[in-house]
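# Topology and contacts: notes
These are the residues of each chain, in order.
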Amino acid sequence: WSSDVCSSDLCQFDEGKSAELLQQLRAGSQIQVQLELQGTMAGPFTQTLRGFDAQLQRALAAQRGP
């Protein structure tokens with residue numbers, strides 16, 4: 001996945017890509033991220049996704065309120 005819609009602290013995808021990426025994150029076991037900022041590369045960085053879905057469900061429940 002690649003996004004060129006980024007600010008200093010956030011990168012965005014269109015709604016369709018966002019939904020597909022979220023499903024992949026929920027089903028996956030790890031993510032690998034590589035950054036390119038003004039021609040400078042960083043990474044790749046690998047991060048586990050263990051517990052991602054549980055944390056996502058808690059965040060969504062917190063948004064809905066009591």
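### Here we look at the pattern of salt bridges
- Per the stated rule, a full pass over the model turns up one salt bridge.
- We note a salt bridge from R26 to D53, for which the minimum N-O separation is 2.4 Å. Residue R26 is located in helix α1 (residues 15-27), and its partner D53 is located in helix α2 (residues 52-64); the two are separated by 27 residues in the primary sequence.
- On the accessibility criterion, R26 (33% relative accessible area) is partly exposed.

### A word on the environment of A19
- The residue A19 is located in helix α1 in this model.
- Spatially, the C-alpha atoms of A19 and P66 are 25 Å apart, while their sequence positions differ by 47 residues.

Definitions and limits used
- Residues numbered from 1 in each chain as written.
- Predicted model: local features only at pLDDT ≥ 70, side-chain atom pairs only at ≥ 80, totals over all residues.
- Heavy atoms only, no water.
- Salt bridge = Lys/Arg side-chain N within 4 Å of Asp/Glu carboxyl O.
- Helix = DSSP H or I, 4+ residues; strand = E, 2+ residues; numbered from the N terminus.
- Buried < 20%, exposed > 50% of the residue type's maximum accessible area, 1.4 Å probe, protein only.

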